[in-house]
Amino acid sequence: MARLNVNPTRMELKKLKARLSTAVRGHKLLKDKSDEMIRRFTVILRETKVLREEVESELSDVLKQFSIARSITPSFEAETAFSMPSVAVQAECETESVMGVDVPKVELVRTKRAEGLPYAYSEITSEADYSVQKASELLPKMVALAQSEKTVRMLAEEIERNKRRVNALEYVMIPQLEETIKYIKDKLDENERAAVVRLMKVKSKA
Amino acid sequence: MTGKMAIVGNGDEIMVFKAAGLATFPAEDEKKARETLRKIAKEYQVIFLTEDLAKPLTEFLKRFDEEPYPVVVSIPSGNSEGYGIEVLKMAMERALGVDILFHND
């Protein structure tokens, strides 16, 4: 490991020692942060996986029903029936902090425009009713999935970044500082010994 | 803050969500989807994207990971091909380096 390019003086030694202690403390803190982030990450990851599987299976059910409905309804009629939704959905968006990472927190807000389904029952088959209703019911879950998947992705990024910082401190910064400190110490000791020897020589001549 | 929700997808699948109250943006291929996403990313906070479009745009979607919003999430189109699980897997590998959930390979 290369040592830093500094003058071997007592002044530098003092400075480097202070830097080393900061680096060690920072390393410990970051490592703790990393551990806790990973713990949270695994919890959220598990939740997300369950949610993802649920949403996928329910959604494919919805889509299957819907494609049946589409296939027995003329496309023009279907289009007019579905393009006037009776509900409007909005998302209440906040941010939440998970270990210093700002992650989204979304909640579904539904505002009803009219009661019931957005079309007359005579227009469309019952599969369509079912799929539209099911899709509406599924929305909160999908929003929850969106939120936790995003959290997982953001946390993964942050964990990676943090890991890099920890490694930089552990394997580069700290060894470098330690080596430089050792070098300066050696150099100062050497100077001292040289001074002592010189004095002894002078004394023995006299 | 109240945000808006949208779905980007191709053709039939998105119509059912239109009836459920989402804003819909049809996109038949990945190029169109990319353009649409760019356009609506500022305006919509939650964007669903069908799997067949999300898959080729994996790299592009990474840019949304920096900020909390917009939230872009893939949903299966027709039959699920497991892209959603794939995304989780990638995140897990990045963060942990080990497989703790999906022991099937």
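Here the structure is a predicted model, which means the values were calculated and not measured.

Caption draft 1: The arrangement of the overall build of chain B in detail. Of regular secondary structure, chain B possesses five helices and four strands. The secondary structure elements of chain B, listed N-terminal to C-terminal, are β-α-β-α-β-α-α-β-α. Relative to its full complement of 105 residues, chain B shows a buried share of 44%. Partitioning the intrachain contacts of chain B with sequence separation of at least 6 by distance along the chain shows that 53% fall at a separation of at least 24.

Caption draft 2: Structural detail: the overall build of chain A. The number of helices and strands found in chain A is three helices and two strands. Secondary structure elements of chain A occur, N-terminal to C-terminal, as α-α-β-β-α. For chain A, long-range pairs separated by at least 24 residues make up 84% of all intrachain contacts whose partners lie at least 6 apart in sequence.

Caption draft 3: Representation of the interface of chain A and chain B in the model. Tallying the contact residues gives 52 residues for chain A and 39 residues for chain B. When contributions to the side of chain A that touches chain B are tallied by element, the ones reaching two or more residues are helix H1 (10–72), strand S1 (87–98), strand S2 (101–112) and helix H3 (126–205) of chain A. Looking at the side of chain A that touches chain B, the element that brings in the most residues is H3(A), giving 20 residues.

Caption draft 4: Representation of the confidence of the model for chain B in the model. Residue and element names in this part refer to chain B. On average, chain B scores 76 in pLDDT, and the residues at 70 or more come to 90%. Considering each helix and strand of chain B separately, the mean pLDDT is smallest for helix H1 (residues 12–19), with a value of 72, and largest for strand S3 (residues 46–50), with 83. Predicted complex metrics record ipTM = 0.84 and pTM = 0.80.

Caption draft 5: View of helix H5 (residues 83–95) of chain B. Residue and element names in this part refer to chain B. Taking 1.5 Å per residue, 13 residues should reach 18 Å; H5 reaches 18 Å between its end C-alpha atoms and fits that length. Buried within H5 are the following residues: Gly84, Val87, Leu88, Ala91, Met92 and Ala95. When H5 is viewed along its axis, its buried side chains cluster within an angular range of 135 degrees and face the same direction.

Caption draft 6: Structural context of the environment of Val196(A). One can find Val196(A) in helix H3. Along the backbone, Val196(A) and Glu92(A) are 104 residues apart, and their C-alpha atoms lie at a distance of 77 Å.

Caption draft 7: Spatial organisation of the pairing of S3(B). Residue and element names in this part refer to chain B. Within S3, five of the five residues are buried, which leaves it mostly tucked inside the rest of the structure. Burial of S3 is two-sided: the residues Val46, Phe48 and Thr50 facing one way and the residues Ile47 and Leu49 facing the other way are all buried. Here strand S1 (residues 2–9) runs beside S3; their pairing, made up of four bridges, is parallel. Bridging from a neighbouring strand, Met5 pairs with Val46 of S3. Examined bridge by bridge, S3 and strand S4 (residues 71–75) share five bridges and lie parallel to one another. Residue Phe48 lies in a different strand from S4, and its bridge partner there is Val73.

Caption draft 8: Layout of the environment of Glu179(A). Take Glu179(A): it is sitting in helix H3. Taking the C-alpha atoms as reference points, Glu179(A) and Glu92(A), 87 residues apart in sequence, are found 54 Å from one another.

Caption draft 9: Summary view of the nonpolar core. The biggest cluster of nonpolar side chains holds 46 residues, and the ones touching the most others in it are Met142(A), Val8(B), Val16(B), Val46(B) and Ile47(B). Here the element with the most residues in this core is H3(A); it accounts for nine residues. Residues within four places of Val46(B) in sequence aside, it is in contact with Ala91(A), Val106(A), Val143(A), Ala146(A), Gly3(B), Met5(B), Pro70(B) and Val71(B). By size, the runner-up hydrophobic cluster in this structure holds 14 residues, among which are Phe41(A), Val152(A), Met154(A) and Leu88(B).

Definitions and limits used
Residues numbered from 1 in each chain as written. Chains lettered and ligands numbered in written order. Predicted model: local features only at pLDDT ≥ 70, side-chain atom pairs only at ≥ 80, totals over all residues. Helix = DSSP H or I, 4+ residues; strand = E, 2+ residues; numbered from the N terminus. Buried ≥ 20, exposed ≤ 12 C-beta atoms within 10 Å, placed from the backbone. Contact = placed C-beta atoms within 7 Å. pLDDT = per-residue confidence, 0-100. Expected span 1.5 Å × (residues − 1). Arc of directions from axis to C-beta. Pairing = 2+ DSSP bridges. Core = buried A, V, L, I, M, F, W, Y, C linked by C-beta atoms within 7 Å.

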